[in-house]
Amino acid sequence: MSSPHTPLDLTLDGGALTARLVDFPSVSGDEQALADAVESALRAHSHLTVDRFGNNVVARTNLGRAERVLLAGHLDTVPIADNLPSRIEGDLLYGCGTSDMKSGVAVQLRLAATLTEPGHDLTFVFYDCEEIEASRNGLGHLAKAHPDWLKADFAVLMEPSGGMVEGGCQGTLRAQIRLTGTRAHSARSWLGDNAIHHAAEVLGRLAAYEPQRVVIDGLEYREGLNAVRIDGGVAGNVIPDECVVTVNFRYAPNRSTEDAEAHVREVFDGFEVTVTDHAPGALPGLSQPAAQAFLAATGGQARAKFGWTDVARFSALGVPAVNYGPGDPNLAHKRDEHCSLSAIAECEERLRAWLG
Ligand SMILES: [Zn+2]
């Protein structure tokens, strides 16, 4: 494994630079050495202004262009699983972080170093702690402390997407529906009122619920409202006086958080509903001019992103964002994680054609 103290050489091709980054371990919470290396490699380029906040590094061009495009990637990986140092087999580079997402970071670094006269102003964001609890997410910290560093007309999050454009992301809301009754001995059940039985009405509404399919900017988002947990019962001889059904609503990003909450309350009208957890979705923003040119440059294929990702943080800042990266999302976090070297080269080529 190369020493973490060897400087990063941004003249390496994308595959070789990915291997170099992969051999630079940076498990969440332990990104400082890699952030230092990224920062000093970028500071060597006079066309970039480089800022640092914690282990987050932001590099920007300031050419006064009409539009600004932001490319973001996280520096951390999940824990190493005996899969370092990296190794190459044919077209495949194996190792922790190859797909998620040091291949994307390598493409960002290559573009940052070489696009000295881009058509749009460019912002490159490298952040820490994406793979752990949301409160430690470096992009979240940047959005709070330095929102001006993240100003852009369009953002690309270079998470693994198999070379497809994944637009926006769905929102997610969790709520508890609490049913109450009267506790009694089950031998004299007529003296009680069974809270678990009241859940039948809640489950009936869920079973009858017809989730919507919503098309936004040509992408179809499929909503879902589902029970994900049920709690109730006191003992084998007690009529229970409480039952809680937890539901999860995954909703299309054209709904606001208020609208999503109102919808869930309407479905369970007459019941006690408590929202416990709520993260808004993100619009794909594919009708923006920069996004249209981006889609054309990347082959014009886009699909909806169903899970929640950091693109929602950009959306909250008013920046439309998509996921697009060379890694394979199905290989992320796996012991045999790998990435295609030709996919890394193709991703860089497409982005260079769009931005150059
Ligand atoms: Zn990732």
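Just above sits the structure.
Computed from a predicted model, the values in this text were never measured in an experiment. (Residues numbered from 1 in each chain as written. Predicted model: local features only at pLDDT ≥ 70, side-chain atom pairs only at ≥ 80, totals over all residues. Heavy atoms only, no water.)

Visitor: Just give me the short version of the nonpolar core, but keep the residues and values in it.
Guide: One finds Leu-42, Leu-109 and Leu-351 to be the most contacted residues of the largest nonpolar core, which totals 53 residues. In terms of residue count, helix α3 (residues 98-114) provides more of this core than any other element does, eight residues in total. In this structure, Leu-351 is in contact with Val-107, Leu-111, Met-158, Phe-294, Tyr-324 and Gly-356, ignoring residues within four places of it in sequence. (Core = buried A, V, L, I, M, F, W, Y, C linked by side-chain atoms within 4.5 Å. Buried < 20%, exposed > 50% of the residue type's maximum accessible area, 1.4 Å probe, protein only. Helix = DSSP H or I, 4+ residues; strand = E, 2+ residues; numbered from the N terminus. Contact = heavy atoms within 4.5 Å.)

Visitor: Which residues make up the environment of Arg-205, and what values do they have?
Guide: Summarising the element assignment, Arg-205 is placed in helix α5 (residues 195-208). For Arg-205, a relative accessible area of 25% gives the class partly exposed. Taking the C-alpha atoms as reference, Arg-205 lies 16 Å from Glu-261; in sequence the two are 56 residues apart. With near-sequence residues (within four places) excluded, Arg-205 lies in contact with Val-267, Phe-268, Asp-269 and Phe-271.

Visitor: Describe in detail the coordination of the zinc ion, supporting the description with residues and values.
Guide: Bound to the zinc ion are the protein donor atoms His-74 (NE2), Asp-100 (OD), Glu-159 (OE) and Glu-159 (OE), situated 1.9 to 2.8 Å from the metal. Around the zinc ion, the four donor atoms sit at angles spanning 51 to 147°, and that spread fits a shape best called irregular. Here the donor residues of the zinc ion are spaced in sequence according to H-x25-D-x58-E. Within this pair, whereas His-74 is found in strand β3 (residues 68-74), its partner Glu-159 is found in the loop between β7 (154-157) and β8 (165-167), the two being separated by 85 residues in sequence. (Donors = N, O, S within 2.8 Å, 3.2 Å for Na, K, Ca; no water. Tetrahedral: all angles 85-135°; square planar, octahedral: opposite > 155°, others 65-115°.)

Visitor: Describe the sheet that holds strand β16 (residues 272-279), naming the residues involved and giving the relevant values.
Guide: Spatially, the four strands line up as an open sheet ordered β13-β15-β9-β16, and their pairing is antiparallel. Taken across any chain shown, the strands that pair with only one partner, and hence form the sheet edges, are β13 (224-232) and β16. Strand-to-strand, the axes of this sheet are offset by a mean angle of 20°, without reference to chain direction. With respect to the sheet, α5 is in contact with β9 (171-180), β13 and β15 (242-251), its orientation differing from that of β15 by roughly 15°. (Pairing = 2+ DSSP bridges. Axes fitted to C-alpha atoms, helices over the stretch in contact; angles between N-to-C directions.)

Visitor: Outline the layout of surface pockets, supporting the account with residue identities and numerical values.
Guide: One number sums up the size of the largest pocket: a volume of about 220 Å³. As for the largest pocket, its lining consists of 14 residues, and the residues nearest its centre are Asp-100, Glu-130, Glu-159, Pro-160 and Lys-305. Its residues assigned to classes, the lining of the largest pocket comprises six nonpolar, two polar and six charged. (1 Å grid on protein atoms, 1.4 Å probe; cavity = no way out; pocket = protein on both sides within 12 Å on 5 of 7 lines; lining within 4 Å. Points joined across faces, edges and corners; volume = space filled by probe spheres on them. Nonpolar A, V, L, I, M, F, W, Y, C, P; charged D, E, K, R; others polar.)

Visitor: I'd like a description of unusual backbone geometry, backed by residues and values.
Guide: A cis amide bond links Leu-84 with the next residue in sequence, Pro-85, at an omega value of -5°. Its location among the elements puts Pro-85 in the loop between β3 and β4 (87-89). Of note, the amide linkage connecting Asp-100 to Met-101 takes the cis form, showing an omega dihedral of -10°. Residue position: Met-101 is located in helix α3. For Asp-82, which is not glycine, the phi torsion reads 55° and is therefore positive. The phi torsion at Cys-129 lies on the positive side, around 55°, for a residue other than glycine.

Visitor: Outline the pairing of strand β6 (residues 121-127), supporting the account with residue identities and numerical values.
Guide: Within β6, seven of the seven residues are buried, leaving the element largely enclosed by the surrounding structure. Burial of the side chains of β6 extends over both faces: Asp-121, Thr-123, Val-125 and Tyr-127 are buried on one face and Leu-122, Phe-124 and Phe-126 on the other. Bridge count between strand β2 (residues 56-60) and β6: four bridges; the pairing is antiparallel. Residue Ala-59 lies in a different strand from β6, and its bridge partner there is Phe-124. Relative to β6, β3 runs parallel, the two being bridged by seven bridges.

Visitor: Provide a residue-level description of helix α7 (residues 289-297), including the pertinent values.
Guide: All of the buried residues in α7 are Ala-290, Ala-291, Phe-294 and Leu-295. The arc that holds every buried residue of α7, seen down its axis, measures 135°, which confines them to one face. Along α7, exposed side chains directed more than 90 degrees from the buried face belong to Pro-289 and Ala-296. On the buried face of α7, the contacting elements are β3, β7, β8, β17 (302-304), β18 (321-323) and α9 (341-355). One or two steps after α7, the chain reaches Gly-299, where phi turns positive at roughly 100°. (Arc of directions from axis to C-beta.)

Visitor: Explain the pattern of salt bridges to me, using residue names and the numbers behind them.
Guide: Scanning the model with the defined rule gives 24 salt bridges in all. The partner of Asp-231 in a salt bridge is Arg-229, and the shortest N-O contact between them spans 2.9 Å. Classification of Arg-229 as exposed rests on a relative accessible area of 51%. Beyond isolated ion pairs, a larger network of salt bridges with shared partners links Asp-36, Glu-39, Arg-43 and Arg-52. (Salt bridge = Lys/Arg side-chain N within 4 Å of Asp/Glu carboxyl O.)

All we've got here are geometric facts, nothing functional implied.
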